[in-house]
Amino acid sequence: MKPITFVDRVRIQAFAGNGGHGVATFLRAKFVPHGGPDGGDGGHGGSVYLKASKDVASLLDLHFAPIVKAGHGEKGRGQQQYGRGGADKIVLVPLGTEVVDAETEEFVGEVLADGDLLKIAQGGKGGLGNLHFKTSTHQAPTEFTEGTPGEIKTLRLTMKTVADVGLVGYPNAGKSTLLSQLSAARPKVASYPFTTLHPQVGTVMFDPVHTLRVADVPGLLKDAHKGVGLGHHFLRHIERTRFLLFVLDMAGTDGRNPTEDFLNLREELRLYNPELDNCPYRVLANKMDETASKKNLAAFKRRTKEKPIEMSAVLGEGVEEVKTCLFETFFPGEERIEF
Ligand SMILES: Nc1nc2c(ncn2[C@@H]2O[C@H](COP(=O)(O)OP(=O)(O)OP(=O)(O)O)[C@@H](O)[C@H]2O)c(=O)[nH]1
Ligand SMILES: [Mg+2]
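Reading the values: the criteria
Residues numbered from 1 in each chain as written. Chains lettered and ligands numbered in written order. Predicted model: local features only at pLDDT ≥ 70, side-chain atom pairs only at ≥ 80, totals over all residues. Heavy atoms only, no water. Helix = DSSP H or I, 4+ residues; strand = E, 2+ residues; numbered from the N terminus. Rg over C-alpha atoms; globule rule 2.2 N^0.38 Å. Buried < 20%, exposed > 50% of the residue type's maximum accessible area, 1.4 Å probe, protein only. Contact = heavy atoms within 4.5 Å. Areas by Shrake-Rupley, 256 points an atom, 1.4 Å probe, with all protein chains shown as cover. Lys, Arg positive; Asp, Glu negative; His and termini not counted. Charge placed at Lys NZ, Arg CZ, Asp CG, Glu CD. Near = heavy atom within 4 Å. Polar contact = N/O pair within 3.5 Å; in protein donor to acceptor, adjacent residues only side chain to side chain. Nonpolar A, V, L, I, M, F, W, Y, C, P; charged D, E, K, R; others polar. Domains from an automatic or database assignment. Buried area = accessible area lost by both parts, 1.4 Å probe. Salt bridge = Lys/Arg side-chain N within 4 Å of Asp/Glu carboxyl O. Pairing = 2+ DSSP bridges. Axes fitted to C-alpha atoms, helices over the stretch in contact; angles between N-to-C directions. Donors = N, O, S within 2.8 Å, 3.2 Å for Na, K, Ca; no water.

A. Focus on the overall build of the chain. The number of helices and strands found in the chain is six helices and 14 strands. For 339 residues, the compact-globule estimate of 2.2 N^0.38 gives 20 Å, and the C-alpha radius of gyration of the chain, at 29 Å, exceeds that figure by more than 25%. Out of the 339 residues belonging to the chain, those deemed buried represent 47%. Pairs at least 24 apart in sequence give 72% of the contacts found in the chain among residues at least 6 apart. For the chain, the computed accessible surface area is about 17,600 Å², with 52% contributed by carbon and sulfur atoms. A gap of 3 Å separates the mean positions of the 41 positive and 42 negative side-chain charges of the chain.

Shown next as structure tokens:
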């Protein structure tokens, strides 16, 4: 059995800390007969936060430890001493984590950029000590208030990869090979389908100022919406991208027909989310080093009127053209900086 290494959906319980109670105490000191009230306030309970971290790849940690708790506030003390506040709990999550309240189905918020913080459970307020209740006519109050309880929330967290570009294609089309050519990412490449089992992100660095994040998601099959292959599950990881690259196996390895592949891919995206169908894209005709590819490409062009970039990910041919396409799409009118 393979160990779980990637989790993009998780249900958690967040317990904020309770506020500490205030206390009713009176000053007791030598030679001070009626010392007066000196009960301090309780400390506030800690809150629970999510914090986006670029170093966290998935919700794996929360999958194994789905209960998160902040500290309780301490009780107030005599001599006007406040109780110590409970420690906040900060949970690191991957960029692009969305939070929904599992009980009310309300959207709580999302963290997108490194360092983004979202409070998911509010700590309770500390109670008041009797010091607060002293008035000119009420010199020896015994009143105090209790701290309020911290919020307890059951939440659903969903991670949607934050990337600029999404690679979409059938299994074995060469998506991961392309990602390793475009970026420093080294995803697993192999000659069998479903080599990539969860999304991988690589950064294309044109120069220190111009960079793009590219997401490689597991291959799609026709009828993915019916759960065929890995299904639609991973398409959420290209929902945030603003540009798609359709990677087609122009060689039609294993009897595939690249034109049908392309039409099926578009149909699957449309069925998953019509907005994805409107996302700008470019077609990449991969595996052009194979003999069957030329004929398939001609048929593809006739039928679809697309203008694919011809390339061979394995030989690195056409990769520069793909980069130029991305640069012109994302940074129109700008120049690459020599470095
Ligand atoms: N001839 C040829 N083979 C290629 C090319 N690009 C990739 N391949 C081969 O095709 C196979 C699949 O490549 P991957 O990059 O793993 O394909 P993928 O699209 O990521 O596949 P999944 O992760 O299963 O969805 C590997 O054996 C690659 O070496 C190419 O341009 N030409
Ligand atoms: Mg792959």
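B. Highlighting the site of ligand 1. In the region of ligand 1, 24 residues are neighbours, and Lys 175, Thr 177, Phe 194, Thr 196 and Asp 289 sit closest. At 2.7 Å from an oxygen atom of ligand 1 is found a side-chain nitrogen or oxygen belonging to Lys 175. In the model, an oxygen atom of ligand 1 is placed 2.7 Å from a nitrogen or oxygen of the Phe 194 main chain. It is helix H2 (residues 175–182) that contributes the most residues to the shell around ligand 1, three residues altogether. Here the residues of the shell around ligand 1 sort into ten nonpolar, ten polar and four charged.

C. Expanded view of the domain arrangement of the chain. Considered domain by domain, the chain is made up of domain 1 (1–159) and domain 2 (165–330). Each of domain 1 and domain 2 has a C-alpha centre, and the two are 46 Å apart. Counting residues at the interface gives twelve residues for domain 1, matched by nine residues for domain 2. Overall, the association of domain 1 and domain 2 removes approximately 760 Å² of surface from exposure, summing both partners, and the carbon and sulfur fraction of that is 47%. Interface area lost by domain 1 to domain 2 is led by Phe 6, Asp 8 and Arg 9, which between them contribute 49%. Put simply, Asp 8 and Arg 236 hold a salt bridge, and the shortest N to O gap is 3.1 Å.

D. A look at the sheet that holds strand S6 (residues 107–111). Ordered in space as S3-S1-S8-S5-S6, the five strands form an open sheet in which the pairing is mixed. Of all strands in the sheet, those bounded by a partner on one side alone are strand S3 (67–69) and S6. Averaged over all pairs of adjacent strands, the angle between their axes in this sheet comes to 25°, without regard to strand direction. Here strand S5 (residues 97–101) runs beside strand S8 (residues 152–159); their pairing, made up of five bridges, is antiparallel. Note on S8: the bridge partner recorded for Val 100 is Arg 156.

E. Inspection of unusual backbone geometry at higher detail. Phi is positive for Gln 79, which is not a glycine, with a value near 60°. Inspection of the secondary structure puts Gln 79 in the loop between S3 and strand S4 (89–93). For Gln 79, a relative accessible area of 59% translates into the label exposed. Even without being a glycine, Asp 223 presents a positive backbone phi close to 70°. We classify Asp 223 as partly exposed; its relative accessible area is 22%.

F. Just the sheet that holds strand S11 (residues 211–216), in detail. Taken in spatial order, the six strands line up as S10-S11-S9-S12-S13-S14 in an open sheet, and their pairing is mixed. Two strands bound the open sheet, and with one partner strand each, they are strand S10 (200–205) and strand S14 (309–310). The sheet contact formed by strand S9 (residues 165–169) and S11 spans three bridges and is parallel. Paired with Leu 167 across the bridge in S11 is Asp 216.

G. Summary view of the coordination of the magnesium ion (ligand 2). Here the magnesium ion (ligand 2) is held by Ser 176 (OG) and Thr 196 (OG1), and the distances to it run 1.9 to 2.1 Å. Taken together, the positions of Ser 176 in helix H2 and Thr 196 in the loop between H2 and S10 put the pair 20 residues apart, joining distant regions of the chain. Summarising the burial analysis for this pair, Ser 176 and Thr 196 share the class buried.

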